[in-house]
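Okay, here's what each chain looks like letter by letter:
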Amino acid sequence: QVQLVESGGGLVQAGGSLRLACAASESISSIYRMGWYHQAPRKQRASVASITIDGITNYAYSVKDRFTISKDNTKNTVDLQMNSLEPGDTAVYYCSACSETYDTYWGQGTQVTVSS
């Protein structure tokens, strides 16, 4: 099964930017959908952005026009560029890989904290 490792989280002021990276242990070129989720304290994990095997992207309404997901099949990485960060974006961010049979794999998460 694919293993995912996130990096790039940290503390940033409101209005700032961060770029999260997810490195996969094997090729992602045949994985149906790669995505980023976040989970704030006492809240459920929720989808932030996803990108399909065909490169089709989808974003949560709250991050549209601020976040951009991209993938590099040659490096087996999926990045999340986050701009204009808001305190409400504070959460643990998880990378996910979903196969065609809907098996889902998760990374260990990376903390993003946005101060006001």
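Look up a bit, the structure's there.
Please read all numbers here as calculations on a predicted model, not as lab measurements.

**Considerations on the pairing of strand E8 (residues 77-82)**
Both faces of the sheet carry side chains from a regular strand, because those side chains alternate between them.
Here is step 1 of the chain: Counted residue by residue, E8 has five buried out of six residues, so it is predominantly covered.
Here is step 2 of the chain: As paired elements, strand E3 (residues 18-24) and E8 share six bridges and run antiparallel to each other. Note that in E8 the partner of Leu-20 across the bridge is Leu-80.
Here is step 3 of the chain: Linking strand E7 (residues 67-72) to E8, which pair antiparallel, is a turn of four residues; within it Asn-76 sits at a positive phi near 60 degrees.

**Thoughts on the packing of aromatic side chains**
The description of an aromatic ring pair rests on the distance of the ring centres and on the angle between the ring planes.
Here is step 1 of the chain: Enumeration over the complete set of coordinates arrives at one aromatic pair.
Here is step 2 of the chain: Ring centres 4.9 Å apart and planes at 75 degrees place the aromatic pair Tyr-37 and Trp-106 in the edge-to-face group. Linking Tyr-37 in strand E4 (residues 33-39) with Trp-106 in strand E10 (residues 104-106), this pair joins segments that are 69 residues apart in sequence.
Here is step 3 of the chain: One residue, Arg-45, lies across the ring of Tyr-94, its end atom 3.7 Å from the ring centre.

**Observations regarding the side chain of Asp-79**
Here is step 1 of the chain: Along the chain, Asp-79 turns up in strand E8.
Here is step 2 of the chain: Judged by relative accessible area, Asp-79 falls into the buried class, the value being 17%.
Here is step 3 of the chain: At a separation of 3.2 Å, a polar atom in the side chain of Asp-79 contacts the side chain of Arg-19.
Here is step 4 of the chain: Once you skip the residues sitting within four places of it in the chain, Asp-79 turns out to touch Arg-19, Leu-20, Ala-21, Cys-22, Trp-36, Thr-68, Ile-69 and Ser-70.

**Side note on unusual backbone geometry**
Here is step 1 of the chain: At Ser-84, a position not held by glycine, the phi torsion is positive, near 50 degrees.
Here is step 2 of the chain: Checked against the element boundaries, Ser-84 lands in the loop between E8 and strand E9 (91-98).
Here is step 3 of the chain: A relative accessible area of 41% places Ser-84 in the partly exposed class.
Here is step 4 of the chain: If you check the backbone angles, Tyr-102 has positive phi at about 65 degrees while not being a glycine.
Here is step 5 of the chain: With respect to the element layout, Tyr-102 can be found in the loop between E9 and E10.

**Some points on the environment of Gln-81**
Here is step 1 of the chain: Among the secondary structure elements, Gln-81 is positioned in strand E8.
Here is step 2 of the chain: With residues up to four places along the chain from it excluded, the contact list for Gln-81 reads Ser-17, Leu-18, Arg-19, Arg-66, Phe-67 and Thr-68.
Here is step 3 of the chain: Separated by 2.9 Å, the side chains of Gln-81 and Arg-19 make a polar contact.
Here is step 4 of the chain: Engagement of the side chain of Gln-81 in a polar contact is seen with the side chain of Asn-83, the distance being 2.9 Å.

About the cut-offs
- Residues numbered from 1 in each chain as written.
- Predicted model: local features only at pLDDT ≥ 70, side-chain atom pairs only at ≥ 80, totals over all residues.
- Heavy atoms only, no water.
- Buried < 20%, exposed > 50% of the residue type's maximum accessible area, 1.4 Å probe, protein only.
- Helix = DSSP H or I, 4+ residues; strand = E, 2+ residues; numbered from the N terminus.
- Pairing = 2+ DSSP bridges.
- Phe/Tyr/Trp six-rings, centres within 6.5 Å; stacked < 30°, edge-to-face > 60°.
- Lys NZ or Arg CZ within 6 Å of the ring centre and 35° of its normal.
- Polar contact = N/O pair within 3.5 Å; in protein donor to acceptor, adjacent residues only side chain to side chain.
- Contact = heavy atoms within 4.5 Å.

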